[in-house]
Amino acid sequence: MKLRWSRTLTLLPALALALGVTTTPAAAAAPRNAVSSGWNNYSCKPSAAHPRPVILVHGTLGNSIDNWLGLAPYLVARGYCVFSLDYGQLPGVPFFHGLGAVDASAGQLAAYVDRVLAATGTRKADLVGHSQGGMMSRVYLKFHGGADKVNTLVGLAPDNHGTDLNGLTRLLDHFPGAKRYLDELTPGLSDQIAGSGLLNRLNEGGDTLPGVHYTVIATKYDEVVTPYRSAFLDGPDVRNVVLQDLCAIDLSEHVAIGLIDRVAFRETANALDPAHATTTTCVSG
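Trainee: I keep staring at helix α10 (residues 262-272) and nothing clicks. Help me out?
Mentor: Counting along an α-helix, one turn takes 3.6 residues, and residues three or four places apart therefore face a common direction. Counting buried positions over the 11 residues of α10 gives 10, a clear majority of the element. The set of residues buried in α10 consists of V263, A264, F265, R266, E267, T268, A269, N270, A271 and L272.

Right, here's the structure in full:
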């Protein structure tokens, strides 16, 4: 009993982090082939109006379908070629991805970007990442050659500087072995804790890379990326946005900003096509 309770305690921080960043329950998952025309359609060719494919990068415990049931059709309807990938899979864990080591996930993203560029005949893509997807995309840019293949990166509540999960991650030191179990069982969670080795390497020498346009969209009600301003980037060609500065009554938290928030969707569209950006308000559609 003592051993079982000890193991339970070591898993609590991982469960707290995981439950906070999940997107849609597995029971609600769409069939893998149930995608709209233009979403993961490898025959889609970008238009003159939208000359780059958009690749959507899900968050922790998300997947290529559930995380994007709102934003993918939104962008397809506006004429974009839209694609999404699964990454960070653990053996025996279906649907809930983004749990593997972040650097390995960035390698998966690198291969996927190359696949999309080859299919669409384009030289560069735009990336939109939710939560870990926004931060992991930066790992791809910095360590996997992505900066030459990406024009714009939009992060929706990304944990660019990690999270303390409202102080819960600091409890790890009080449970012997907890950090080791987290590192071994779900390295993708461990990599996202503020001060992790991965995050230190990522942000060393500056947050941004030349040639990439960055937009970060955050919500002050974020209960997972805490403090919420840890999502923001510092550097040239960066736009940091707080949803509530655009719509004071917007109550979206960490999950909703990526799944259903039309204010965030409009700001994403503006970042992808700044030449035709329009003012975002509470009634933006």
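After that view, the rundown keeps rolling.
Trainee: Hey, could you run me through the state of the cysteines in this one?
Mentor: The term disulfide refers to a covalent linkage connecting the sulfur atoms of a pair of cysteines. What the rule picks out here adds up to two disulfides. Paired by a disulfide, C44 and C81 hold their sulfur atoms 2.0 Å apart. Here the S-S torsion is close to -80°, and the disulfide linking C44 with C81 is therefore left-handed. Within this pair, whereas C44 is found in the loop between α1 (2-21) and β1 (54-57), its partner C81 is found in the loop between α2 (71-76) and β2 (82-85), the two being separated by 37 residues in sequence. Each member of the pair, C44 as well as C81, is classed as buried. The disulfide partner of C247 is C282, and the S-S distance across this bridge is 2.0 Å. Disulfide C247 to C282: torsion about the S-S bond roughly 110°, handedness right-handed. Taken together, the residues C247 in the loop between α8 (243-246) and α9 (254-259) and C282 in the segment after α10 connect sequence positions 35 residues apart. Overall, C247 belongs to the buried group, its relative accessible area being 4%.

Trainee: I keep staring at the sheet that holds β2 and nothing clicks. Help me out?
Mentor: As a general point, the strands of a sheet are linked pairwise by backbone hydrogen bonds and lie either parallel or antiparallel. Across the sheet, which stays open at both edges, the six strands sit in the order β2-β1-β3-β4-β5-β6 with parallel pairing between neighbours. Edge positions in the sheet fall to β2 and β6 (238-242), since each of these pairs with one other strand and no more. Across the sheet, the axes of successive neighbouring strands diverge by a mean angle of 15°, strand direction being ignored. In this structure, β1 lies alongside strand β3 (residues 125-130), joined through four bridges in parallel fashion. When the sheet's bridge partners are listed, I55 is paired in β3 with L127. Helix α3 (residues 102-120) rests against β1, β2 and β3 of the sheet, and its axis sits at about 155° to β2. Along the sheet, α10 makes contact with β1, β3, β4 (150-156), β5 (213-218) and β6, crossing β4 at roughly 165°.

Calculation criteria
- Residues numbered from 1 in each chain as written.
- Predicted model: local features only at pLDDT ≥ 70, side-chain atom pairs only at ≥ 80, totals over all residues.
- Heavy atoms only, no water.
- Buried < 20%, exposed > 50% of the residue type's maximum accessible area, 1.4 Å probe, protein only.
- Helix = DSSP H or I, 4+ residues; strand = E, 2+ residues; numbered from the N terminus.
- Disulfide = S-S within 2.5 Å.
- Pairing = 2+ DSSP bridges.
- Axes fitted to C-alpha atoms, helices over the stretch in contact; angles between N-to-C directions.
- Contact = heavy atoms within 4.5 Å.

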